[in-house]
Amino acid sequence: VSLEDISAPDEYTVVLIYGGAPPAADAGDAGIYALTSDVGPLAVESVDYDPDSHAATLTTAKQKLGIPYTLTVTPPGGAAADLSADFPSADTATFWIYDWSTGGQLEQTAVRVEIGETCVVYIEEGAGVAIGDTVQNFDEEVYPTETALFIDAPDLDGNGKITILGLDGQGNYGGYFDPTNAYTDEQAMSWWGMHSNEMEIIHLDVNYGFDMDDTVAPHEFQHLLYQERHGENWDWTYHNEGLAECAVRAVTGGYEYAIDFYFWDYQSLIAQGLSLVDWNYALYENYVVAFLFWSYVAAQLDGIDTYSDIFDLDTGSPEEVQDFLVDGLGLDFADVQLNQMIATF
């Protein structure tokens, strides 16, 4: 008897096909199967064996995404040698995602397309998009740069990886991070009436999020790290979103698009005095104003490394920033912002 094929069609199922001589009736005994991995064992809850196809379908506990499991089959009574095979977890997975049309949630099944050292990429069924060098870029640039600069990534789901989920944003976003997923499902339901995927996950739009993964992925990953450091304290968005734009510069070495957008100012909002601290979501002018302010502050101190100190402020409130600037530069918030405007001009 041999193992001819093995796969995990979804998060709760492993299917193996026996080759060679038909196995004994014990092939339907859950006790002869063991699933192990570098991040822990996986329980086999039941087995359905079909003698005609020689297929055993194992129902398992929820698999961790983006890792290899090893299946070991131990025939009872030492009648034959153990059989063993490796396979990647969860060819497909189902996620709770934000429903932009209703403000609620819906379930979306996605297909795994690539596994990296620090991430695993799933794309919603039917999207069929090329992800380019997203995984290499995340492994080699985004993850190491941002975790060194800001904070170590959390690992709620215990797989040591960030899930990157590609979705059809239908023009609503290039990418997003949902802090609901940083909590247990029980907590999220009790606090917000929303489900949690209980994992580290960022969302990229399949239409252009992967084409711009050198900007979208670093931006959204910063939000994930910001959530880890600041919890529910997202009161001062100019702090969080500005630093997300700064993360792009830290990862890529520059951010000419943001600078060009600032000077373009095609709605003249910046020239008319757009507030730095009063935030408007989806108004990119706010993002670049915050990006250039924090980058100016960093330039007056220790350069990009100062992004780390700014990130570590508890709230980013104007009062806290005032103290930070007086301590670091001997100038108050208003003077520093005025100097930044003059320097930029």
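Our subject is the structure listed above.
Not measured: the values here are computed from a predicted model.

About the cut-offs
Residues numbered from 1 in each chain as written. Predicted model: local features only at pLDDT ≥ 70, side-chain atom pairs only at ≥ 80, totals over all residues. Heavy atoms only, no water. Salt bridge = Lys/Arg side-chain N within 4 Å of Asp/Glu carboxyl O. Helix = DSSP H or I, 4+ residues; strand = E, 2+ residues; numbered from the N terminus. Buried < 20%, exposed > 50% of the residue type's maximum accessible area, 1.4 Å probe, protein only. Contact = heavy atoms within 4.5 Å. Pairing = 2+ DSSP bridges. 1 Å grid on protein atoms, 1.4 Å probe; cavity = no way out; pocket = protein on both sides within 12 Å on 5 of 7 lines; lining within 4 Å. Points joined across faces, edges and corners; volume = space filled by probe spheres on them. Nonpolar A, V, L, I, M, F, W, Y, C, P; charged D, E, K, R; others polar. Expected span 1.5 Å × (residues − 1). Arc of directions from axis to C-beta. Axes fitted to C-alpha atoms, helices over the stretch in contact; angles between N-to-C directions. Parallel < 35°, antiparallel > 145°, perpendicular 65-115°, else oblique. Left-handed = near helix turned anticlockwise from the far one by under 90°. Phe/Tyr/Trp six-rings, centres within 6.5 Å; stacked < 30°, edge-to-face > 60°. Patch = residues over 30% accessible without salt bridge, like charges linked within 9 Å, V, L, I, M, F, W, Y side chains within 5 Å. Areas by Shrake-Rupley, 256 points an atom, 1.4 Å probe, with all protein chains shown as cover.

Right, let's get into the pattern of salt bridges. Applying the stated criterion to the full structure yields 4 salt bridges. Here Glu11 ties to Lys62 by a salt bridge, and the two come within 3.9 Å at their closest N and O atoms. Taken as a pair, Glu11 in the loop between strand 1 (2–10) and strand 2 (13–19) and Lys62 in the loop between strand 5 (55–60) and strand 6 (68–73) lie far apart in primary sequence, 51 residues in all. When its relative accessible area of 42% is taken as the criterion, Lys62 is described as partly exposed. Taking the shortest distance from any N to any O, the salt bridge between Asp312 and Arg229 comes out at 2.7 Å.

Along the polypeptide, Thr180 turns up in the loop between strand 12 (175–176) and helix 2 (185–192). When residues no more than four places from it in sequence are discounted, the contact partners of Thr180 are Ala188, Trp192, Met194, His195 and Ser196.

Burial along strand 7 (residues 83–88) is one-sided: the residues Leu83, Ala85 and Phe87 are buried and none of Ser84, Asp86 and Pro88 is. Pairing of strand 6 with strand 7 involves 6 bridges; the strand directions are antiparallel. Along strand 7, the bridge assignment pairs Val73 with Leu83.

Right, let's talk about the layout of surface pockets for a bit. In this model, the largest pocket occupies a volume close to 1,000 Å³. Along the wall of the largest pocket there are 28 residues; nearest its centre are Tyr173, Gly174, Gly175, Glu220 and Tyr287. Breaking the lining of the largest pocket down by element, the ones donating at least two residues are strand 12, helix 3 (216–230), helix 4 (237–252) and helix 6 (284–300). Residue classes in the lining of the largest pocket are distributed as 16 nonpolar, 8 polar and 4 charged.

Below, the discussion takes up helix 9 (residues 333–344). Here helix 9 spans 16 Å end to end across 12 residues, near enough to the 16 Å set by a 1.5 Å rise per residue. Buried residues of helix 9: Phe333, Val336, Gln337, Gln340 and Thr344, and no others. Angular distribution of buried residues about the axis of helix 9 spans 100 degrees; they occupy a single face of the element. Exposed side chains of helix 9 directed beyond 90 degrees from the buried face belong to Ala334 and Ile342. Buried-residue contacts for helix 9 involve helix 4, helix 5 (256–264), helix 6 and helix 8 (318–329).

This part takes up the sheet that holds strand 2. Strand order across the open sheet formed by 4 strands is 1-2-5-4, with antiparallel pairing between neighbours. Two strands bound the open sheet, and with one partner strand each, they are strand 1 and strand 4 (44–50). Averaged over all adjacent pairs, the angle separating strand axes in this sheet is 20 degrees, with direction ignored. In this sheet, strand 2 lies alongside strand 1 in antiparallel orientation, the contact comprising 6 bridges. Paired with Leu3 across the bridge in strand 2 is Tyr18.

Let's shift gears to helix 3. Compared with an ideal rise of 1.5 Å per residue, which puts 15 residues at 21 Å, helix 3 spans 21 Å between its outermost C-alpha atoms and is within 8% of the ideal. Here helix 3 lies mainly inside the structure; 13 of its 15 residues are buried.

This paragraph deals with the sheet that holds strand 12. One open sheet accounts for 6 strands, arranged 8-9-10-11-13-12; its pairing is mixed. Looking at the sheet topology across the chains shown, the edges are occupied by strand 8 (92–98) and strand 12. Sheet topology note: the strand 12/strand 13 (residues 201–205) ladder contains 2 bridges and is antiparallel. If you follow Gly175 over to strand 13, its bridge partner there is Leu204.

A few words now on the packing of helix 6 against helix 8. It is at 11 Å that the axes of helix 6 and helix 8 come closest, and there the two elements cross at 25 degrees. Classed by the angle they form, the pair helix 6 and helix 8 counts as roughly parallel. In the packing of helix 6 onto helix 8, the handedness of the crossing is left-handed. The residues of helix 8 that touch helix 6, namely those facing Phe293, Trp294, Val297 and Gln300, are Val321, Phe324, Leu325 and Leu329. Here the contact of helix 6 with helix 8 is built from residues that sort into 7 nonpolar, 1 polar and no charged.

Evaluation of the coordinates by the stated rule reveals 29 aromatic pairs. Taken together, a centroid distance of 5.6 Å and an interplanar angle of 75 degrees make the contact between Trp100 and Tyr176 edge-to-face. Of the two residues, Trp100 sits in the loop between strand 8 and strand 9 (105–115) while Tyr176 sits in strand 12, which places them 76 residues apart along the sequence. A relative accessible area of 39% means that Trp100 is categorised as partly exposed. Take Tyr176: its relative accessible area is 9%, and that puts it in the buried class. Ring pairs connect the aromatic residues Tyr257, Phe261, Trp264, Tyr266, Trp279, Tyr284 and Tyr287, which therefore count as one cluster.

Residues Leu338, Met341 and Ile342 make up a contiguous nonpolar surface patch of roughly 290 Å² in combined accessible area. Here Ile342 is to be found in helix 9.

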